[in-house]
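If you want the building blocks of each chain, they are given just below.
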Amino acid sequence: MEEHFPMKKIMDDQGNLIDSSYANDIDEDLVKKLYYHMSRIRLFDRKAISLQRQGRIGTYPPFEGQEASQVGSALALDTDDWLFPTYRDHGAMLTFGSEMTRTFLYWNGRAEGCVPPEGKNIFPAAVPIATQIPHAVGAAWAEKRKGTKNIAIAYFGDGATSEGDFHEGLNFASVFQTPTILFNQNNGYAISVPIEKQMHSKTIAQKGLAYDIPSVRIDGNDVFAVYFETKKAVERARAGEGPSLIEAVTWRTGAHTTADDPSKYRPVGQGDNVVHPIERLENYMKNNDFWDETWIAKMEAELTQEVESALEAMEEYPPAKPEDLFDHVFTNPPSQLVEQKESYLDLIGRE
Amino acid sequence: MAQMTMIQAITNALQTELKNDEDVLVFGEDVGQNGGVFRATEGLQEEFGEERVFDTPLAESGIIGMAVGMSTQGVRPVPEIQFFGFVFEAMDAVSGQAARFRYRSGGRWHAPITIRSPFGGGVHTPELHADSLEGLFAQQPGLKVVIPSGPYDAKGLLIQSIRDNDPVIFLEHMKLYRSFREEVPEEEYTLELGKAETKREGKDITLIAYGAMVHAALKAAEELEEENIQAEVIDLRTIAPIDVDTIIESVKKTSRAVVIQEAQRKAGIAASIVSEIQERAILHLEAPVLRVTAPDTVYPFSEAEEIWLPNHKDIVEKAKESINF
Ligand SMILES: Cc1ncc(C[n+]2csc(CCOP(=O)(O)OP(=O)(O)O)c2C)c(N)n1
Ligand SMILES: [Mg+2]
């Protein structure tokens, strides 16, 4: 089956274009935009890890190594599309328009962190694995019903493809021909479980075959492959041609979360040969005279500033309002809940 | 005897039963080489091999559904649900299937499955990992629900749960995993399911709790003692079935009771205990039986956890309300 789903690449590890048919589509603006966003989310990610170590935020799942998959796919969307991320996709969320302060808040155990900017269609990150896949199908179905051109993208990992919701979601997308992009990041592990114990099949892309969903396997660390393949799928969806499945093969550089110890289950040296997706784009930029030290320095200063002020805003964020707990359960809270709220606020007032 | 944390006592119980009975199989997400995300199965794959202790694909309904099927051939499955917040994925396999297997096969088959899972709040997990969903399972006929309050109980109850021929939901409060150590015998022992333990004797009021709330109740009892109120503290140990006899006997002595649960208030274990008491002992009561619970809101993000969870102060207050009624 593997031979039916060869891994698509546009550029190699050294940053050489190996598929020249894209040469005209790749210009300086696009390259810099991709580089900018990948650098931005990496900076956020590294900052978050160090904050967790200092006890300034809670348990945190890093995405380092997956920047190309998250940025390439998110930049292939339009403003009004829908994004259904997991807990590891805040890179894609930030790229698509989540506020950085709220992203920090989320990982500091604040409900406000789930709330997207006004008008931005970003679903709260899925924590129970694969639950977002049918959601994305439903949102896409509703857009189709309204007659818009908007599409929905669902992010999910390799482990998620074992859940019923993955298969149900694919089947529904297929039966109802919804404009949905099923975007898989195959990072080789579901916590400690390696992909060869997760599935007997050699690829994830082949799982789309059973549902007659156009499926492709790409090098998820090649930001061009991710960007252009997602764009193709998006265009097909907008044109009313239904769902697509993309398997982006990537690598989680670090731990599953800050509470995880990968040395317990990963063989020493595994992944050492993976060229970091940002380095790969850097190679491309250097090969093509897009590497502009002044621009880089300016960008880095700007990004550092952005991350620092988002962090400051997170730390100065007003404390959570206890009444939110009660006010966001129902449209109209039943009398018992109102009573509970009163005695609760009374109790807090006394403490 | 050795000093063990609850997580160590659980590993020890699993090891004991894996040794005792070759039909015992331990499986779930990350329980193999990784030893479980809380390290409950640490070292077990190494000791018993991948045939007996193994990782499954990431699919809770598959894990429990497969356990039901295995039960037809004498296997004694001990699957893990990585966090109880994710048990919804397996709801049909547990409540729709495992719980009804005996009845639906006219008694021919049964499902001697022990589903272990970390639950409860107060340890600042990311959202949706912490919750108290035990009531959903206690309501299901055919299931036993066991909740130890410490290392000694955890070992004896887990061994007994594994040996039990009916499906058992064995819930391990995350806050208790490493919060204290206790003397735990190295050798095997069992504790009967459906039997409560009186943790502290008292004549003035009965405090009924389970899981982490047992410790809040004990602390409350100490505070009440300073005001000359002698509280009796009952640890239910299993919430399905409930040891009604122990409760009623105590209430007949004290005439007052407060029932404590970490879970939200409505349709809960505490409510059903209150009913049992008023149905069986109303003429012995000097005050309404009161409850201490979390409010009926969604389990909060970790920032609000501390104020949301019931604590010993809430128990002291309710106990006084009962005494002063
Ligand atoms: C329904 C459910 N079961 C278990 C978990 C615990 N869990 C969190 S992440 C994870 C592994 C997910 O692996 P994968 O889908 O490959 O995504 P990755 O974490 O690698 O991005 C597991 C088992 C969960 N969040 N939800
Ligand atoms: Mg993965």
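Residues numbered from 1 in each chain as written. Chains lettered and ligands numbered in written order. Predicted model: local features only at pLDDT ≥ 70, side-chain atom pairs only at ≥ 80, totals over all residues. Heavy atoms only, no water.

## What to know about the overall build of chain B
Part 1: Helix and strand content of chain B: 12 helices and 14 strands.
Part 2: Against the 2.2 N^0.38 benchmark of 20 Å for 325 residues, chain B shows a C-alpha radius of gyration of 19 Å, consistent with a compact globule.
Part 3: For chain B, the residues scored as buried account for 63% of the 325 residues in total.
Part 4: In chain B, 82% of the contacts between residues at least 6 apart in sequence involve partners at least 24 apart.
Part 5: A total accessible area of about 12600 Å² is found for chain B, and carbon and sulfur atoms account for 47% of it.
Part 6: The distance from the centre of the 31 positive side-chain charges to the centre of the 53 negative ones in chain B is 4 Å. (Helix = DSSP H or I, 4+ residues; strand = E, 2+ residues; numbered from the N terminus. Rg over C-alpha atoms; globule rule 2.2 N^0.38 Å. Buried < 20%, exposed > 50% of the residue type's maximum accessible area, 1.4 Å probe, protein only. Contact = heavy atoms within 4.5 Å. Areas by Shrake-Rupley, 256 points an atom, 1.4 Å probe, with all protein chains shown as cover. Lys, Arg positive; Asp, Glu negative; His and termini not counted. Charge placed at Lys NZ, Arg CZ, Asp CG, Glu CD.)

## With respect to the packing of helix 5 (residues 132-146) of chain A against helix 6 (residues 164-175) of chain A
Between two packed helices, both the angle of their axes relative to each other and the distance between the axes serve to describe the pair.
Residue and element names in this part refer to chain A.
Part 1: Look at helix 5 against helix 6: their axes get within 7 Å of each other, and the N-to-C directions meet at 15°. Between helix 5 and helix 6, the interaxial angle falls into the category roughly parallel. Crossing angle aside, the handedness with which helix 5 passes helix 6 is left-handed. Packed against helix 5, whose contacting residues are Ile133, Pro134 and Val137, the element helix 6 presents Asp165, Phe166, Gly169, Phe172 and Ala173 at the interface.
Part 2: Split by residue class, the contact of helix 5 with helix 6 holds six nonpolar, one polar and one charged. (Axes fitted to C-alpha atoms, helices over the stretch in contact; angles between N-to-C directions. Parallel < 35°, antiparallel > 145°, perpendicular 65-115°, else oblique. Left-handed = near helix turned anticlockwise from the far one by under 90°. Nonpolar A, V, L, I, M, F, W, Y, C, P; charged D, E, K, R; others polar.)

## Brief notes about the coordination of the magnesium ion (ligand 2)
Residues and elements named next belong to chain A.
Part 1: Taken together, the protein donors to the magnesium ion (ligand 2) comprise Asp158 (OD), Asn187 (OD1) and Tyr189 (O), at separations of 2.1 to 2.2 Å.
Part 2: All donors to the magnesium ion (ligand 2) come from one chain, and their sequence spacing reads D-x28-N-x1-Y. Exposure class is identical for Asn187 and Tyr189. Each is buried. (Donors = N, O, S within 2.8 Å, 3.2 Å for Na, K, Ca; no water.)

## So, the interface of chain A and chain B
Part 1: With 38 residues of chain A at the contact, the number on the chain B side is 34 residues.
Part 2: The junction of chain A with chain B conceals about 3000 Å² of combined surface from both sides, 54% of it contributed by carbon and sulfur atoms.
Part 3: Ranking the residues of chain A by area buried against chain B places Lys197(A), Lys264(A) and Leu325(A) at the top, with a combined share of 19%.
Part 4: Our count for the contact surface shared by chain A and chain B stands at three salt bridges.
Part 5: The partner of Glu42(B) in a salt bridge is Lys264(A), and the shortest N-O contact between them spans 2.4 Å.
Part 6: Counting every contact that joins chain A to chain B gives 12 residue pairs in polar contact (both at pLDDT 80 or more).
Part 7: Those elements that provide at least two residues to the side of chain A that touches chain B are helix 7 (195-198), helix 11 (322-327) and helix 12 (335-350) of chain A.
Part 8: The biggest single contributor to the side of chain A that touches chain B is helix 12 of chain A, with six residues.
Part 9: Here the residues of the side of chain A that touches chain B sort into 21 nonpolar, nine polar and eight charged. (Buried area = accessible area lost by both parts, 1.4 Å probe. Salt bridge = Lys/Arg side-chain N within 4 Å of Asp/Glu carboxyl O. Polar contact = N/O pair within 3.5 Å; in protein donor to acceptor, adjacent residues only side chain to side chain.)

## A short note on the domain arrangement of chain A
Part 1: Domain boundaries in chain A define domain 1 (2-319) and domain 2 (321-351).
Part 2: In this structure, domain 1 of chain A and domain 2 of chain A have C-alpha centres spaced 38 Å apart. (Domains from an automatic or database assignment.)

## Looking at the site of ligand 1
Part 1: Around ligand 1, a shell composed of 21 residues is seen, among which Tyr87(A), Arg88(A), Val127(A), Gly159(A) and Glu60(B) lie nearest.
Part 2: At 2.7 Å, a side-chain N or O of Tyr87(A) approaches an oxygen atom of ligand 1. (Near = heavy atom within 4 Å.)

## Remarks on empty space enclosed by the protein
Here the idea is plain: a probe the size of a water molecule rolls over the atoms and shows the empty space left.
Part 1: Enumeration over the complete set of coordinates arrives at three cavities of 30 Å³ or more.
Part 2: In this model, the largest cavity occupies a volume close to 160 Å³.
Part 3: If you trace the largest cavity, you find 19 residues lining it, with Met93(A), Ser98(A), Thr103(A), Gly113(A) and Cys114(A) closest to the centre.
Part 4: Counting only elements with at least two residues in the lining of the largest cavity, the list comes to helix 3 (90-96) and helix 4 (100-107) of chain A.
Part 5: Examining the composition of the lining of the largest cavity, we find that four residues originate from one element, helix 4 of chain A, more than from any other.
Part 6: Roughly 50 Å³ of internal volume is contained in the second largest cavity.
Part 7: If you trace the second largest cavity, you find it lined by Phe119(B), Ser132(B), Glu134(B), His173(B), Tyr210(B), Gly211(B), Ala212(B), Met213(B), Gln261(B) and Glu262(B).
Part 8: Among the residues forming the lining of the second largest cavity, the class breakdown is four nonpolar, four polar and two charged. (1 Å grid on protein atoms, 1.4 Å probe; cavity = no way out; pocket = protein on both sides within 12 Å on 5 of 7 lines; lining within 4 Å. Points joined across faces, edges and corners; volume = space filled by probe spheres on them.)

## Digging into the confidence of the model for chain B
Regions with low pLDDT carry predicted coordinates that are not meant to be interpreted in detail.
Part 1: Considering every residue of chain B, the mean pLDDT works out to 97; 100% of them sit at 70 or more.
Part 2: If you check the scores for this complex, the pTM reads 0.97 and the ipTM reads 0.96. (pLDDT = per-residue confidence, 0-100.)

## A short note on a nonpolar patch on the surface
Part 1: A cluster of nonpolar residues, Trp141(A), Phe172(A), Val175(A) and Phe176(A), forms a patch on the protein surface that exposes about 410 Å² of accessible area.
Part 2: Along the chain, Val175(A) falls in helix 6. (Patch = residues over 30% accessible without salt bridge, like charges linked within 9 Å, V, L, I, M, F, W, Y side chains within 5 Å.)

## Section: the pattern of salt bridges
Part 1: Evaluation of the coordinates by the stated rule reveals 42 salt bridges over all chains.
Part 2: With a closest N to O distance of 3.0 Å, Glu303(B) and Arg110(A) form a salt bridge. With Glu303(B) in helix 11 (residues 302-308) and Arg110(A) in the loop between helix 4 and helix 5, the pair connects residues from two separate chains.
Part 3: Residue classification places Glu303(B) among the partly exposed residues on the basis of a relative accessible area of 36%.
Part 4: Taking relative accessible area as the criterion, Arg110(A) reaches 5% and is therefore assigned buried.

## Digging into the sheet that holds strand 6 (residues 215-219) of chain A
Backbone-to-backbone hydrogen bonds pair the strands of a sheet. The strands run either parallel or antiparallel.
All names here are of chain A.
Part 1: Reading across from one edge, 1-2-3-7-6 is the order of the five strands in this open sheet, with parallel pairing throughout. This sheet does not close on itself; its edge strands, each paired only once, are strand 1 (82-84) and strand 6. Taken over all neighbouring pairs, the strand axes of this sheet differ in orientation by 20° on average, direction set aside.
Part 2: One ladder, built from three bridges, connects strand 1 with strand 2 (residues 152-157); its direction is parallel. Directly across from Phe84, in strand 2, lies its bridge partner Ala154.
Part 3: Across the face of the sheet, helix 5 comes into contact with strand 1, strand 2 and strand 3 (180-186) while running at roughly 170° to strand 2. (Pairing = 2+ DSSP bridges.)

## Brief notes about helix 10 (residues 293-315) of chain A
All names here are of chain A.
Part 1: Along its 23 residues, helix 10 runs 33 Å from first to last C-alpha, staying within 8% of the 33 Å computed at 1.5 Å per residue.
Part 2: All of the buried residues in helix 10 are Ile296, Met299, Leu303, Val307, Ala310, Leu311 and Met314.
Part 3: Buried positions along helix 10 lie against helix 1 (28-53) and helix 4.
Part 4: The opening residue of helix 10 is Asp292, an N-cap whose side-chain oxygen sits 3.1 Å from the backbone nitrogen of Thr294. (Expected span 1.5 Å × (residues − 1).)

## Concerning the packing of helix 2 (residues 67-74) of chain A against helix 8 (residues 223-238) of chain A
Residues and elements named next belong to chain A.
Part 1: Two elements in contact, helix 2 and helix 8, have axes whose closest approach is 8 Å; the angle formed by their N-to-C orientations is 30°. Taken as axis vectors, helix 2 and helix 8 run roughly parallel relative to one another. The handedness of the crossing between helix 2 and helix 8 comes out as right-handed. Contact residues: Ala68, Ser69, Gly72 and Ser73 in helix 2; Val223, Val226, Tyr227 and Thr230 in helix 8.
Part 2: Broken down by class, the residue content of the contact of helix 2 with helix 8 amounts to four nonpolar, four polar and no charged.

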